[in-house]
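Coordinate inspection notes
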Amino acid sequence: MDKKFQGSRLKNARTFRALTLTELAKLTNISKQSISLYENDRTTPDHGKVRLMAAALNFPYNFFFQEDNYEAKTETTYFRSLVSATKKNRIAQSLKLEYVAKIYGSLMEYIDFPKLNLPDINFVGVDDVFECESNNSIQEFEVIADDLRHFWNISDEPITNLQYLLEKNGIVVTGFDTKEDKIDAFSQSIIVNGHSIFFIALSLGNRSEGRIRFDLAHELGHIILHPWSEDLESITKDEFRMRERQANIFAGAFLLPKTSFGKDIQTYPTDLNFYQFLKKKWKVSIQAMIYRAHQLNFITDNQYQYLMRQVSKNGWRIREPGDVPFCINESIFQGAIDLLVNDHILTTRSIIRKFDQFGVSLYPREIEELLHLRAGTLMMEDNVTPIIQLRKTKESHDSELI
């Protein structure tokens, strides 16, 4: 049976590229009215138009003829910049993570990924954004952060590898270029094969290690503190800002524990040079440490405001001294694919076919970027047994004996 053009796949690809109907129409010289009809299966485009749209969207031709037999359903997505990032770009990034989830689902047939390992958190919180940082509220975050460290069996010292810690406990971390400056990081809950899986996506680029680590801890805060069964577009801006503030407070308490960080900072809490020294140990931004010192009452309101003015005066709001470029570790996807290939379970070609069966018909290079794989991981040719060999003559055999 001939495969039928799937309009939903065209809309999916256009959304993936964060393009409007008008923008795709300009790229293809096909009217937006026609494209809309294609997307809604009201009209079927001819072969030439499919090729034009596939080229403009940089999707393989056969992508548009696949049926979505495997669904990855997003429950909720927390964007760091929900208020300022465009809806079009938020939807595009969310859709990309659904593709990552489908790939994860396809690999679950072969790989025993770490199970989600989180404690039962009874987070009460407050209803007023201005009460987020009251003493009682702060104490609740301190307890939750300490409980999580205890549950994961880590000390109150600096966390050496936060990405590894999250992945070890069943939270999938990946990173790709969002092409949207207003999106720093986001977390998403996606149902794959009946399993609810948490993903954290990092916006890669020139952002420092300290800021990325805080992003990871911030998204972890959303995962353990906030509901994942509602549409965030329906909540008020004030409620969203309160959740962002709560995730920030948790991140500070988790990365900079009250007891151990407090012992460090109490020596010179108003000395910016000392914060630069501590940054090497805690691998958190100077601004985050100043904020945490104020939160723990090691500096007064006036001292906090003075230090932040000095940060601004020195031009440290964007780039601080001691910033180290962040490099994401090889993801669990890299480990999974290496394991399958090296143990001769699957070839790279069969892995791509498996992804294709789950509806992820993308070019190998694009999949590598989505999963943050080493360049060329999926470009390798399958090993082929040579069909010709050197003939072993009697003379050559005799010469070997000499």
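Structure report, in brief. Just so it is clear, the structure is predicted and the values come from calculations on it, not from any experiment.

Now for helix α1 (residues 7–16). Buried residues dominate α1, accounting for eight of its ten residues. For α1, the complete set of buried residues consists of Gly 7, Arg 9, Leu 10, Asn 12, Ala 13, Arg 14, Thr 15 and Phe 16. One or two positions beyond α1, positive phi appears at Ala 18, with a value near 60°.

To continue, consider unusual backbone geometry. You will see that Asn 153, though not glycine, has its phi angle at about 60°, which is positive. One can find Asn 153 in the loop between α6 (135–151) and α7 (162–168). Within the chain, Lys 283 stands out as a residue other than glycine whose phi angle is a positive 55°. Along the chain, Lys 283 falls in the loop between α11 (272–282) and α12 (286–295).

Next up on the list: helix α5 (residues 87–107). In this model α5 runs 31 Å from its N-terminal to its C-terminal C-alpha over 21 residues, within 8% of the 30 Å that 1.5 Å per residue would give. For α5, a buried count of 18 out of 21 residues is recorded, marking the element as mostly surrounded by other parts of the structure.

Grouped together as the largest cluster of nonpolar side chains are 61 residues, with contacts concentrated most on Phe 250, Phe 254, Tyr 275 and Ile 290. Excluding residues within four positions of it along the chain, Phe 254 makes contact with Ala 145, Leu 148, Arg 149, Trp 152, Ile 154, Ile 159, Leu 162, Leu 165 and Leu 220. Within the second largest apolar cluster, 54 residues are counted, among which are Ala 54, Phe 186, Ile 351 and Leu 371.

Topologically, Ser 31 is positioned in the loop between α2 (21–28) and α3 (32–39). Distance from Ser 31 to Leu 21, taken between C-alpha atoms, is 8.6 Å for residues ten residues apart in sequence. Within the structure, the side chain of Ser 31 is placed 2.8 Å from the side chain of Ser 34, a separation counted as a polar contact.

What follows covers the pairing of strand β4 (residues 195–203). Consecutive side chains along a regular strand alternate between the two faces of the sheet. For β4, the buried fraction is high: seven of the nine residues fall into the buried class. Where strand β2 (residues 172–176) and β4 come together, five bridges link them in parallel fashion. Opposite Thr 174, over in β4, you have Ala 201 as the bridge partner. In this structure, the hairpin formed by strand β3 (residues 185–192) and β4 is closed by a connection of two residues, where Asn 193 is found at a positive phi of approximately 55°.

Now for the sheet that holds strand β1 (residues 72–79). As summarised here, the arrangement of the four strands in space is β1-β3-β4-β2, forming an open sheet in which the pairing is mixed. Looking at which strands have only one partner, the edges of the open sheet turn out to be β1 and β2. In this sheet, neighbouring strand axes are inclined to one another by 25° on average, regardless of whether the strands run parallel or antiparallel.

What follows covers the side chain of Arg 292. Along the chain, Arg 292 turns up in helix α12. Of the polar contacts made by the side chain of Arg 292, one reaches the side chain of Gln 295; its length is 2.6 Å. Leaving out residues up to four positions away in the same chain, Arg 292 has contacts with Glu 142, Gly 252, Ala 253, Leu 256, Pro 257, Lys 258 and Phe 261.

For any pair of aromatic rings, the description rests on two quantities: the centre-to-centre distance and the angle between the ring planes. Applying the stated rule across the entire model yields 21 aromatic pairs. Look at Tyr 61 and Phe 65: their rings are 5.1 Å apart centre to centre, the planes differ by 35°, and that puts the pair in the tilted class. Here the aromatic rings of Tyr 104 and Phe 199 are separated by 5.9 Å at their centres, their planes lie at 80°, and the arrangement is edge-to-face. Linking Tyr 104 in helix α5 with Phe 199 in strand β4, this pair joins segments that are 95 residues apart in sequence. Accessibility expressed as a relative area gives 0% for Phe 199, which makes it buried. By the ring-pair criterion, three or more aromatic residues cluster together here, those being Phe 5, Phe 16, Phe 59, Tyr 61, Phe 63, Phe 64, Phe 65 and Tyr 99. The ring centre of Phe 63 lies 3.9 Å from the NZ or CZ of Arg 9, which sits over that ring.

Helix α4 (residues 47–57) packs onto α2 with a crossing angle of 110° between their chain directions and a minimal axis gap of 9 Å. When the interaxial angle is binned, α2 and α4 end up roughly perpendicular. The two elements α2 and α4 meet at a crossing, and its hand is right-handed. Residues Leu 24, Leu 27 and Thr 28 of α2 form the contact with α4, whose participating residues are Leu 52, Met 53, Ala 56 and Leu 57.

Criteria and thresholds
Residues numbered from 1 in each chain as written. Predicted model: local features only at pLDDT ≥ 70, side-chain atom pairs only at ≥ 80, totals over all residues. Heavy atoms only, no water. Buried < 20%, exposed > 50% of the residue type's maximum accessible area, 1.4 Å probe, protein only. Helix = DSSP H or I, 4+ residues; strand = E, 2+ residues; numbered from the N terminus. Expected span 1.5 Å × (residues − 1). Core = buried A, V, L, I, M, F, W, Y, C linked by side-chain atoms within 4.5 Å. Contact = heavy atoms within 4.5 Å. Polar contact = N/O pair within 3.5 Å; in protein donor to acceptor, adjacent residues only side chain to side chain. Pairing = 2+ DSSP bridges. Axes fitted to C-alpha atoms, helices over the stretch in contact; angles between N-to-C directions. Phe/Tyr/Trp six-rings, centres within 6.5 Å; stacked < 30°, edge-to-face > 60°. Lys NZ or Arg CZ within 6 Å of the ring centre and 35° of its normal. Parallel < 35°, antiparallel > 145°, perpendicular 65-115°, else oblique. Left-handed = near helix turned anticlockwise from the far one by under 90°.

So yeah, pure geometry; function would need other evidence.
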